[in-house]
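Summary of the model geometry
Here is what each chain is made of, one letter per residue.
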Amino acid sequence: AQSVTQLDSHVSVSEGTPVLLRCNYSSSYSPSLFWYVQHPNKGLQLLLKYTSAATLVKGINGFEAEFKKSETSFHLTKPSAHMSDAAEYFCVVSEAGTASKLTFGTGTRLQVML
Amino acid sequence: DTEVTQTPKHLVMGMTNKKSLKCEQHMGHRAMYWYKQKAKKPPELMFVYSYEKLSINESVPSRFSPECPNSSLLNLHLHALQPEDSALYLCASSPTDRRGEKLFFGSGTQLSVL
């Protein structure tokens, strides 16, 4: 069975400082892992995905994530936060065989302060 | 066109009403999804259509009835809903339902059941 744990429900940073959103996963198979972002009252947008190619994955808007199998982690980072990054972030794992069976983390709300 | 369009954006209905949510994409995607998202929670999968056939029903109550009239359209028919059905309903699509596919989400329909 697969699962994903987002270690922080809320993260607050100042504009221009680094962002770290933490995610640990559990999967019986070689996982597909994603980060999605959701702005208020909007749908979800894919930031980046890992599907067993390079372990350092670069996404949109300056975000990147590193897949660490030994630590079963897939943390999301950005060197410098912008006000527009304030949103809900979901770490997601995909069960083997189908895109349909996505397991979502509980989400991390990122607040960016001036 | 890389959009998934959902209508209406907001819907208020009584428990005896019948209404429909609509979702449209013109990306040639052959997998389409309905998700339900309660406030401050991750999305929950309801239904999956693959090549216009219902492939997954996550034990959703029969008061929710999906329909996929063609490869571009997905409907969700609502009847005799309960107040606890109030939520954001998200439609998504992907090229296929293979593992690792990126899902494209619409902005959702915010449903309130009175």
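Everything below is about the structure printed above this text.
Let me sum up the structure you'll find in this document. Predicted, not measured: the structure shown is a model, and the values here were computed from it.

1. Here's the deal with the overall build of chain B
Helix and strand counts for chain B come out as 0 helices and 11 strands. Traced from its N-terminal end to its C-terminal end, chain B shows the element sequence β-β-β-β-β-β-β-β-β-β-β. Here chain B has a C-alpha radius of gyration of 13 Å; the compact-globule value for 114 residues is 13 Å, and the two agree. On the principal axes, the C-alpha backbone points of chain B span a range of 35 × 25 × 20 Å. Looking at chain B alone, contacts between residues at least 24 apart form 54% of all its contacts between residues at least 6 apart. When the accessible surface of chain B is split by element, carbon and sulfur atoms take 50% of a total near 5,500 Å². Looking at charge distribution, chain B has the averaged site of its 14 positive side-chain charges lying 4 Å from that of its 11 negative ones.

2. What about the state of the cysteines?
Summed over the entire model, instances satisfying the criterion amount to 2 disulfides over all chains. With its sulfur 2.0 Å from that of its partner, Cys23 of chain A forms a disulfide with Cys91 of chain A. Between Cys23 of chain A and Cys91 of chain A, the disulfide has an S-S torsion of -65° and is therefore left-handed. Residue Cys23 of chain A is found in strand β4 (residues 23-26), and its partner Cys91 of chain A is found in strand β10 (residues 87-94); the two are separated by 68 residues along the sequence. Side by side, Cys23 of chain A and Cys91 of chain A carry an identical accessibility label, which is buried. The disulfide that involves Cys23 of chain B links it to Cys91 of chain B, with 1.9 Å between the sulfurs. Its torsion about the S-S bond being -70°, the disulfide of Cys23 of chain B and Cys91 of chain B is classed as left-handed. With a gap of 68 residues between them, Cys23 of chain B in strand β3 (residues 18-25) and Cys91 of chain B in strand β9 (residues 87-94) connect regions that are remote in the sequence. The burial state of Cys23 of chain B is the same as that of Cys91 of chain B; both residues are buried.

3. Details of the side chain of Thr109 of chain B
Structurally, Thr109 of chain B can be placed in strand β11 (residues 109-113). Not counting the four nearest positions on each side in its chain, Thr109 of chain B is found in contact with Gln6, Thr7, Pro8, Lys9, Leu11, Leu21, Ala87, Leu88 and Tyr89 of chain B.

4. As for the interface of chain B and chain A
Size of an interface: often given as the accessible area lost when the parts come together. Taken residue by residue, the interface counts 23 residues in chain B and 26 residues in chain A. Interface area for chain B against chain A, summed over the two sides, is near 1,800 Å², with a carbon-plus-sulfur share of 55%. Sorting the residues of chain B by area buried against chain A places Arg99, Gly100 and Phe105 of chain B first, and these three jointly supply 32% of that buried surface. Between chain B and chain A we count 0 salt bridges in total. Applying the counting rule to chain B against chain A returns 2 residue pairs in polar contact (both at pLDDT 80 or more). Every element with two or more residues in the side of chain B that touches chain A is listed here: β4 (31-37), β5 (44-50) and β9 of chain B. With 3 residues, the single largest contributor to the side of chain B that touches chain A is β4 of chain B. The residue makeup of the side of chain B that touches chain A, split by class, is 11 nonpolar, 5 polar and 7 charged.

Reading the values: rules and limits
- Residue numbers here run from 1 along each chain, matching the order of that chain's written sequence.
- By the order in which they are written, chains take letters starting at A while ligands take numbers starting at 1.
- Confidence filtering applies because this is a predicted model: local features only for residues at pLDDT of at least 70, side-chain atom pairs given and counted only at 80 or more, and all residues used for totals across whole chains, interfaces and linings.
- To obtain the side-chain values, all non-hydrogen atoms of the structure were used and water was disregarded.
- The helix count covers DSSP runs of H or I at least four residues long, the strand count covers runs of E at least two residues long, and both are numbered beginning at the N terminus.
- We take the radius of gyration over the C-alpha atoms and set the globule estimate at 2.2 Å times the residue count to the 0.38 power.
- We call two residues in contact when some of their heavy atoms are within 4.5 Å.
- The Shrake-Rupley method, run with a 1.4 Å probe sphere, supplies the accessible areas, and residue values consider only the shown protein chains as cover.
- None of His or the chain ends enter the tally, which takes Lys and Arg as positive and Asp and Glu as negative.
- For charged residues, the charge sits on one atom: NZ in Lys, CZ in Arg, CG in Asp, CD in Glu.
- By definition, disulfides here are pairs of cysteine sulfur atoms that lie within 2.5 Å.
- Classification of residues uses two cut-offs on accessible area relative to the type maximum, computed with a 1.4 Å probe and protein chains only: under 20% is buried, over 50% is exposed, and between them is partly exposed.
- When two components associate, each loses some accessible surface as probed by a 1.4 Å sphere; the sum of these losses over both components is called the buried area.
- We define a salt bridge as a contact between a side-chain nitrogen of Lys or Arg and a carboxyl oxygen of Asp or Glu at a distance within 4 Å.
- Any pair of N or O atoms that falls within 3.5 Å is considered a polar contact. Within protein, one atom must be able to donate a hydrogen and the other to accept it, and sequence-neighbouring residues count only if both atoms are side-chain atoms.
- For this classification, Asp, Glu, Lys and Arg are treated as charged, while Ala, Val, Leu, Ile, Met, Phe, Trp, Tyr, Cys and Pro are nonpolar and the rest, including Gly, are polar.

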